[in-house]
Amino acid sequence: SASAAVLAAAACICNSDAFQPVRVGGKISATIPTTSSIAKSSSAALSPSPLSMVATSPSDAAASETSSSTPKVVSNLMATQAPPPPFKKVMAANRAEIAVRIVRACIELNMATVAIYGHEDRYSQHRWAPDQSFQIDKDPDATPISAYLDIPRGPLFAASVGADQSFQIEKDPDATPISAYLDIPQIISIAKKAGVDAIHPGYGFLSESPEFAQACADNDITFVGPTVDNLNTFSDKTSARAAAIAAGVPVVPGSDGALGSAAEVQAFVDEYGLPVIIKAAMGGGGKGMRVIRNMEDVTPFFESASSEALASFGDGSVFVEKFIERPRHIEVQIIGDGTGDVVHLYERDCSVQRRHQKVIEMAPGWSLPDELRADLHNYATELTSRAKYKNAGTVEFLVDTADMKAYFIEVNPRIQVEHTVTEEVTGVDIVKAQLRIAAGATLEEAGLVQDNISARGVAIQCRVTTENPEKDFAPDTGTLSVYRHSAGCGIRMDGIGYSGLTITPYYDSMLVKYTARGSDFPETLARMKRVLQECRIRGVMTNIPFLLNVLTHPEFETGIVTTSFIDDHPELKKISSSRWNFASSRQSDQRKVGRLERSLRYFANLAVNGHPPELGADPTKLSTSHADTTKSLLPDVEKSASDAVGGMRKILLEEGPEGYAKFVRNNKQLMITDTTWRDAHQSLLATRMRTSDIVRCAPFTNAALSQAFSLEMWGGATFDVAMRFLNECPWERLEKLREQVPDIPFQMLLRGANAVGYTNYPDNVVYEFCKQAHKSGIDIFRVFDSLNYVENMELGIKAAAASGGFVEAAMSYTGDVSDPSRGKYNLEYYLDLAKQLVDLGAHSLAIKDMAGLLTPRAAQMLVGALREQHPDTVIHVHTHDTAGAGVASMLAAAEAGADVVDAAFDAMSGLTSQPSLGALIANVRGTEKDTGMSLSDIGPLNTYWENVRQLYAPFESGQLSGSSDVYVHEIPGGQYTNLLYQSRQLGLTEKWPQIKKKYAEANIILGDIPKVTPSSKVVGDLAQFMVAQNLEMKDVAEQADTLAFPESVVQYLRGEIGVPPGGFPEPLRSTVLKSRGLEPIEGRPGAALEEYKFEEAEALLKSKYGEASISDKDVLSHALYPNVFIDWKNFEAVNGDVGNLPTHLFLNPLKEGDEVTLNLEGGDSGRDYVVKLVSKGQVSEDGTRVVSFAVNGERWFMPVTDQSQEVAGGRREKATNPGDVGSPMPGVVVGLKVDVGDEVKEGEPVATLSAMKMETNIPATASGKVSHVLVNVGDKLEGDDLIMKID
C-alpha cells in the first residue's frame, strides 16, 4: 500500500540495526525502528520522528490490531501525533532563496506564511511560495535593503500573482531597491495588518538587528532569532570579541571597539603593523571587508568598507584586526534555548572564499585533527552558553595553519547561507528548530540532545552566482534563458530561479545553492561535480565553470585548502579556457558548454532583426523553407583504409615543388584547376559560400578530381569574408577541407606583399602567414600583385618559397595583346614581366585574366610566346567567362602550350565566374589533351552545386546573361557582380550602363592600370564618385585640387599599394598630393614597416580571450585584420560558432511556429535538438523582445534588442576606444571622483559603481585630461557603458 511504502522510505533514515518487520494485512510490507532503537539512534535528534509525521488510514490501523506478530510499539508510533504548530502565521522578512527556505519549513510545520518584496523583486519566487506576500516601500534616498524596516506610506491593495493574497505598498520609484529590506517600521506594520505572530529574518539584512528584534517584541510579534541582549552582544563584532575574551576563547589581536576614522585605523597599523583587515561591525558575507597591505590604502579602504557596510546593513561601523595569512576558516553551528543550554551541530569548513565571501563549504571539518575539532566545539558552546544564547547561531574561527591554533573572529547570530551542509550530515532541520525554540521549546523538547547528535558522511555546498569570474567576478544581469536543475541521489537544491527570470543588479548575485552529500569526501565531491555538469542555467554568466575549476583542482581534492586558495590560483578564474577530465566531451570543454544557448540567441536575433545590411543578403529572396535540400545528394565515398596520400598531391609531396612542376610539364594531358571552392563563388555569390557546404561535398570531390592539378579553395577575399560576414574561422575552413581532401593539391591566392589583406604588412607577417598556410594545408601559392609591381610580388614569392610551397607567379592581365593599338600592355610587356618572375624562382607562370579580356586569339599569341621563351616552365591560365568566350579561350591556350587551365563546375560556371568544367572535359575528350576526367564522375557534384546555389539566391546579382561590353569597361568578374548588386539595392538599376561607362573612364584617369583587388577597388570607388557627383573626365582633371576624392584613390596616388605600369598619371598625382600636403611613397610601400611583435600581440589576445581560445593562427588573423578579428570574436562570444549551423538555418529566419532539427556536432552524434520558435514577444520599454523557443519540448527565453525600435533616452554609447572609461559590469553610479578638465593618472579611481551590494572603484584607463563625463550619480549602467573619456 502507499502507506507501507512511505513507512519503508522513512525507515531508511534510521540505522540498519534498528529495523523490525511490520505486518500489514498479515504480510511483511515495511520496516520501522523499535522504540529502544530510536532512543539509541542518532536520528533521535530529529523531533518529531519522521515516522510520527505519517498519517495512518483506518485500514492500516485495523491491520495492525489484528496482527499478533506486530509489536505494540508500532501502534503507538503510528498513533503519535505531530506537535502543534509553533505559530499560526509567520513572515519571512527577507528575499529570494532564504525566504523560500523559511516558507518551506513553515509549511512542513503547518503554519501560514507571509512574504514581503520590493518592487524590483516582484517576479521573485519567494513571493509565490507564501500564502501572502506584501511589497514594501522605501525612501528615495534610502538603500534597497531599508524597505524591509519602514512604516507604511500608502494603502495596501490586493494583487493576485502566485500567492493567495499579495499586497503592495507604493514607494518612490527613485528609491534604491536594497533599502526596502531594512525598513523596520514598514515591515512591522505589514506584519500586524497581515496577522503575523512571528517574523523570521533569514540571514543578512535585519537578521542581526537588535532594533528589529525589539520592534517585534514591542508589537507582540515573536522574533525568530536570538534575544535582543544576544544581538547586542554578538551582532556587533567588537562586543562579541569582548565576550569571547571573557569566556577564555582565544582571539586575534584587534581594536577594542568600532573605529570612527581612518586615523584610528592608522594608529592600529602603527602599533601592530601590516597586513590588517577592516570588517563591518554589523553583518557579514564579505560586505564591508577590506585587507590593507599598503599604507596608502588605509584611508580609501576605510571609506569604501564603511560605505559598503552602511549600504548593506544600515550601519557603517567597522573595526580592525591583525590579518592572519593563509588560515582555514572553520565555523561551529550552535543552537541554544536561552537557558544556558547549548548544543553544537559540529563544524563547517568554509575556507574556499573570494572577497572574504564563502564560495564552497563542507561539513564536517573532517580533515582537522580531532582534538582541535573538540576544542572548537567547546569554545563555541562555552561562549554562547555564558551568554544564555537563544536560537541558531554560528561561532566562527580562523585556524592558523602554521601552528594549528584557532582564533575566534565572530558570532553570526542568525541562520547562515551554508546551514544546509550541517542539516545534511546531522539530519537536523535548523530552520524548524529555530521556529520551535522561538515558540518557547527547550532543546530537549525540540529533540536536540547533544549525545544524540552525530555527523554522518560529508556534505558540500556550492553557491551558484551570476558573476563573471574572468572580470573579477563582476555581476552579470539579464534573462535566464533556461533554468533546469540537477537532482538525484544525495542532492539538495535551494534556489529561486526559473526560466525567463530577469536577473537585476540590485541584490546579491547568488542564484541557487547546491548541496551534495555522500558517505565520504570523494563520493560527495564526485556528486557535486556531476551536479554542476548536469544543471542548465543559461542566459547570464555564472560561476559554474569556476566552481568546477575549484572542485577539480588537485589541492582541493585533498580536502585541505586555506582562505587564500583562490588568490593563490588565479588560473581558476580563467573559465573560457577551462578543460576538465570528464567522460562527456560536451562537458569537458568550456568552449562547448552553452553552444545551444548561443545558437538560439543567433536564431532569435535573426528572427527579430534579420541580417545586417552589410551581409548583402536580399531579404526578398530568403526562403521560408527549412528543409536540408543538399544532405543526401551525394553518395557516400568509401574511405581508404590507408592514411596514405594519393592523386596528384602524392607526387607533389614526394617529389617536391620542382618535381611536381617537372611532372606537369612532361604530362601531355590538359590539367585542370577547379575554382568552385573560391573564385567561382566569389564572382557569383560575393564570396558568401559557407564552409559547411564545401565540406559536405569534399570526400566525393577528392575522389572525382584526384587527377586535377589543384583546387583553388582559399586566400583572396575568402579570408576576410569568412570572419567579416560568415563569422567563421578561415583557418578552420582550410584544415577541415584538408582533412577531407588528402589527394588533391590545395591552391590559394596570395596578394603579394598584401598577403590576403588590402594593405601593406611588415615582411615578417607575410612570411609567418605563408608558413602557417603551408602547415595548415596549402600546397600551391598563386602570387600576384594588383599592379604587377614586381617589388611587391617578390616578397610574396620569397615568403611562399620559404614555407616549402609550390610558387606560381601570376601576371594580372589587362588590355589585348592581339590589338597593337591598345598601348602599353603588349606582348613585350608580358614577356618582360614573365622573365622577371621566373628569375625570382617561380615554379610556374600564370596568366590571371580577372575580367575575361583574354580572347582566344590573344590567348594563343600570349601563351605561345611564353612557351617559346620558357619551355620548361609550367604555364597556367585563369580567366572569367563574362563575355561568354571563356571555354574557347581556354581551348586556345591549351593548343598554344598551356599546361593547366582554370574551370568551375557547370552549376557554378559562366557569367562572371570561370568557364564550364564539363565543357572543357567534353571538348578535349579523346584527344592528346584529354583531362582524364569523365562527365559521369563529375555529374553528381554538378547536381550538388545546382542545389547549393539555390540556397545562396539572396546573394545572386541578378545577372542573367554574359556581357560582351566587358572588353570596353574591363570590370573584373567579382567586382562586376558586386557593382551590379549594389546598384540594384540602391535603386540605381537605370544607371548601371553609366556606372560601367564611368568605370572605363576612371581607369583611364588613373593611368590605365591592371584591375584586381585592391586596384580594382580604387577604380570602382572613383567611378561611383564620378556618377554620384555627375563628373566628366575633364572635370576630374580640372578640379583635382578641390574634389573630395575617395580615400582609396588618394592612397593609390600616394603610392600606398605600389607603382602602376608606366608610372602614375600626371599632373593628377602631383595636384592631389600637393592639395593635401602629402608626400609620395617611393619604392615598395611596406619596406619601411617595423617588424610585427607577435609575442606582444599573442599575450594581449590571450589576456582578453583566454589562453585556450587563442592560437598562433588567431594571432595571424588579428595581425592581418585586427578590427575584423575582434568583431568576429565578439560575435562568436554572443552567438557561438555559427559555422556549425546548416545554411538553411544560418540564412533563413525562423518564423513563429517553425520547427527544425538542429545538430551542432555533425554526423550521427546522437545529439539532435528539436527547436521550435514559439513566439516573438512584444517590445519592452528598453527596446527588447523576448523570443520564446521550445527545445525538445522545454521552454527557452532569449531577449533580443529590436534594432528597429526607438528607445526613450536613446542607448548609451559603449567604451571601445583608448581613454574610454567603461562600466565593468551592470550597476548604479554611486560616486564621481573627477570632473571635466581634471588631470588623472592611469589606475586612479574616477567613479564608484554599486552592483549587487558590492561597491567597485572604476579606474582611469589612461593618464590625461577628462574631456567628457557622460553619467550622473544614480544612473543605471549596463556592462561596457561609457562613463567618461580621457584625452
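A. Up close: helix α15 (residues 521-534). Between its first and last C-alpha atoms α15 spans 20 Å; for 14 residues at 1.5 Å apiece the expected length is 20 Å, and the two agree. Of the positions making up α15, those classed as buried are Phe 521, Thr 524, Leu 525, Arg 527, Met 528, Lys 529, Val 531, Leu 532 and Gln 533. Here α15 starts with a cap whose side-chain oxygen sits 3.0 Å from the backbone nitrogen of Glu 523, and that cap is Asp 520.

B. Layout of the sheet that holds strand β13 (residues 327-337). Pairing within the open sheet is antiparallel, and its eight strands lie in the order β17-β16-β13-β14-β15-β18-β25-β23. In this open sheet, the two strands that pair with only one neighbour each are β17 (405-412) and β23 (491-495). In this sheet, neighbouring strand axes are inclined to one another by 25° on average, regardless of whether the strands run parallel or antiparallel. By the bridge criterion, seven bridges tie strand β16 (residues 390-400) to β17 in an arrangement that is antiparallel. Note that in β17 the partner of Thr 394 across the bridge is Asn 412. On the sheet, helix α5 (residues 96-108) packs against β23 and β25 (510-518) and is oriented at approximately 115° with respect to β23. Strands in contact with helix α12 (residues 370-386) are β13, β14 (342-354), β16 and β17; relative to β14, the strand with the most contacts, it is inclined by about 115°.

C. The arrangement of the packing of helix α6 (residues 184-193) against helix α7 (residues 210-218) in detail. Between α6 and α7, the shortest axis-to-axis distance is 10 Å and the interhelical angle comes to 30°. Accordingly, the angle class assigned to the pair α6 and α7 is roughly parallel. The interaxial crossing formed by α6 with α7 has right-handed handedness. Between α6, through Ile 184, Ile 187 and Ile 188, and α7, the contact on the second element is made entirely by Glu 211, Phe 212, Ala 215 and Cys 216. Grouping the constituent residues of the contact of α6 with α7 by class yields six nonpolar, no polar and one charged.

D. Quick look at unusual backbone geometry. Going from Leu 274 to Pro 275, the amide bond is cis rather than trans, its omega being 0°. With an omega of 10°, the peptide bond between Glu 1066 and Pro 1067 qualifies as cis. As for its position among the elements, Pro 1067 is in the loop between α37 (1047-1054) and α38 (1068-1076). Positive phi outside glycine occurs at Ala 686, with the angle close to 55°. When you line up the elements, Ala 686 lands in the loop between α21 (676-685) and α22 (691-704). At Asn 727, a residue that is not glycine, the phi angle is positive and equals roughly 55°.

E. Spatial organisation of the nonpolar core. Counting residues in hydrophobic clusters, the biggest one holds 147 residues, and the most contacted among them are Trp 677, Trp 714, Phe 769, Val 877, Trp 945 and Phe 1189. Ranked by residues supplied to this core, first place goes to helix α19 (residues 595-609) with eight residues. Contact partners of Trp 945, with chain neighbours within four places excluded, come to Thr 676, Trp 677, Met 689, Asp 693, Ile 694, Cys 697, Phe 905, Ala 907 and Met 908. In this structure, Ile 360, Leu 480, Tyr 483 and Phe 546 belong to the second largest nonpolar core, which totals 43 residues.

Reading the values: rules and limits
- In every chain, residue numbers begin from 1 and rise along the written sequence.
- Only residues with pLDDT of 70 or above have their local features reported here, since the model is predicted, and side-chain atom pairs are shown and tallied only from 80 upward, although totals for entire chains, interfaces and linings are computed over all residues.
- The basis for every side-chain value is the complete set of heavy atoms in the structure, and neither hydrogens nor water enter the calculation.
- Under the DSSP-based scheme used, a helix requires at least four consecutive residues in state H or I and a strand at least two consecutive residues in state E, with every element numbered from the N terminus.
- Residue count minus one, scaled by 1.5 Å, sets the expected span of a helix.
- Think of it in three bands: with a 1.4 Å probe and only protein chains considered, a residue is buried below 20% of the maximum accessible area for its type, exposed above 50%, and partly exposed in between.
- Here a polar contact means two N or O atoms within 3.5 Å. Within protein one must be a hydrogen donor candidate and the other an acceptor candidate, and residues neighboring in sequence count only if both atoms are side-chain atoms.
- One bridge is not enough; two strands pair if DSSP finds at least two bridges between them.
- Angles shown run from 0 to 180 degrees and are taken between the N-to-C directions of axes, each axis being a line fitted to C-alpha atoms and, for helices, limited to the stretch in contact.
- It only takes one pair of heavy atoms within 4.5 Å for two residues to be counted as in contact.
- Should an angle lie under 35 degrees it is considered roughly parallel, over 145 roughly antiparallel, and from 65 to 115 roughly perpendicular; all remaining angles are considered oblique.
- For any helix crossing, the convention is left-handed if the near helix is rotated counterclockwise from the far helix by under a right angle, and right-handed if that rotation is clockwise.
- The residue classification treats Ala, Val, Leu, Ile, Met, Phe, Trp, Tyr, Cys and Pro as nonpolar and Asp, Glu, Lys and Arg as charged. All others, Gly included, are polar.
- Working definition of a nonpolar core: buried Ala, Val, Leu, Ile, Met, Phe, Trp, Tyr and Cys residues. They are joined through side-chain atoms within 4.5 Å.

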